[in-house]
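Secondary and tertiary structure notes
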Amino acid sequence: MKQHTRTPWKVYEDELRPKFPVPCLEIQDSRGRPIVPWIGFDACDLPKGQIRANAAFIVLAVNSHDALLLAAQHMVEALRDLRDAHGLAYYHGDALDAGLQAIARAEGRERP
């Protein structure tokens, strides 16, 4: 599988051309190069505000991915330590399973 573009990403919005005011909304890399372009809103029937919110949510998720994955890995490790030290699988088994499943999804080993 190919690697994704290095983070952080950002949302960019402007007019396509000054004398041709078609909105341009795209996701860019940290150098301002387009990663995911959306030129105009003709191909999408969603309200413009929702399109902007979706682009911002994509960027938020991408930029948070590595930190959230690391946090999940640390939490799973802590739950395993508790389980092994105190036999708390009964109390934390669901949390441990949920953490392992979230890590597998984040690493692309399991589809949602």
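Above this text sits the structure in question.
What comes next concerns the included structure. Small disclaimer: the values here were computed from a predicted structure and weren't measured.

Looking now at the overall build of the protein chain. Scanning the protein chain from N- to C-terminus turns up 2 helices and 3 strands. Secondary structure elements of the protein chain, listed N to C terminal, follow the sequence β-β-β-α-α. Out of the 112 residues in the protein chain, the part that is buried amounts to 18%. The contacts of the protein chain with a sequence gap of at least 6 include a subset with a gap of at least 24, amounting to 30%. A total of about 8600 Å² of accessible surface is found on the protein chain, and carbon and sulfur atoms cover 57% of it.

With that settled, consider helix α1 (residues 48-86). Because each turn of an α-helix spans 3.6 residues, side chains separated by three or four positions end up pointing in the same direction. Relative to the 57 Å expected for 39 residues at 1.5 Å per residue, α1 spans 53 Å between its end C-alpha atoms, a close match to the ideal helical length. Those residues of α1 that fall on the buried side of the exposure criterion are Ile 51, Ala 55, Val 59, Leu 69, Ala 72, Val 76 and Leu 79. One or two steps after α1, the chain reaches Gly 87, where phi turns positive at roughly 65°.

Here Lys 48 shows up in helix α1. In the structure, Lys 48 is positioned 23 residues away from Leu 25 in sequence and 9.9 Å away in space, judged by C-alpha atoms.

With that settled, consider the nonpolar core. Membership of the largest hydrophobic core is limited to 6 residues, which are Leu 69, Ala 72, Val 76, Leu 79, Leu 96 and Ile 103. Looking at this core, the elements that each hand over two or more residues are α1 and α2 (89-106). With 4 residues, the single largest contributor to this core is α1.

On to the environment of Leu 68. Relative to the helices and strands, Leu 68 resides in helix α1. Residue Leu 68 is classed as exposed on the basis of its relative accessible area of 58%. A C-alpha to C-alpha distance of 9.2 Å links Leu 68 and Ile 103, two positions 35 residues apart in sequence.

What follows deals with the pattern of salt bridges. Tallying each qualifying case throughout the model produces 4 salt bridges. Between Arg 33 and Asp 29 there is a salt bridge, with its nearest N and O atoms 2.8 Å apart. Residue classification places Arg 33 among the partly exposed residues on the basis of a relative accessible area of 45%. The residue Glu 107 makes a salt bridge to Arg 109 at a minimum N-O spacing of 2.7 Å.

Turning to the side chain of Asp 29, a few remarks are in order. Within the secondary structure layout, Asp 29 lies in the loop between β2 (20-28) and β3 (34-39). Here Asp 29 falls in the buried class, since its relative accessible area comes to 5%. Among the polar contacts made by the side chain of Asp 29, one reaches the main-chain amide nitrogen of Arg 31 at a distance of 2.9 Å. The residues contacting Asp 29, other than those within four sequence positions of it, are Thr 5, Pro 8, Trp 9, Lys 10 and Ile 35.

What counts, and at which threshold
Residues numbered from 1 in each chain as written. Predicted model: local features only at pLDDT ≥ 70, side-chain atom pairs only at ≥ 80, totals over all residues. Heavy atoms only, no water. Helix = DSSP H or I, 4+ residues; strand = E, 2+ residues; numbered from the N terminus. Buried < 20%, exposed > 50% of the residue type's maximum accessible area, 1.4 Å probe, protein only. Contact = heavy atoms within 4.5 Å. Areas by Shrake-Rupley, 256 points an atom, 1.4 Å probe, with all protein chains shown as cover. Expected span 1.5 Å × (residues − 1). Core = buried A, V, L, I, M, F, W, Y, C linked by side-chain atoms within 4.5 Å. Salt bridge = Lys/Arg side-chain N within 4 Å of Asp/Glu carboxyl O. Polar contact = N/O pair within 3.5 Å; in protein donor to acceptor, adjacent residues only side chain to side chain.

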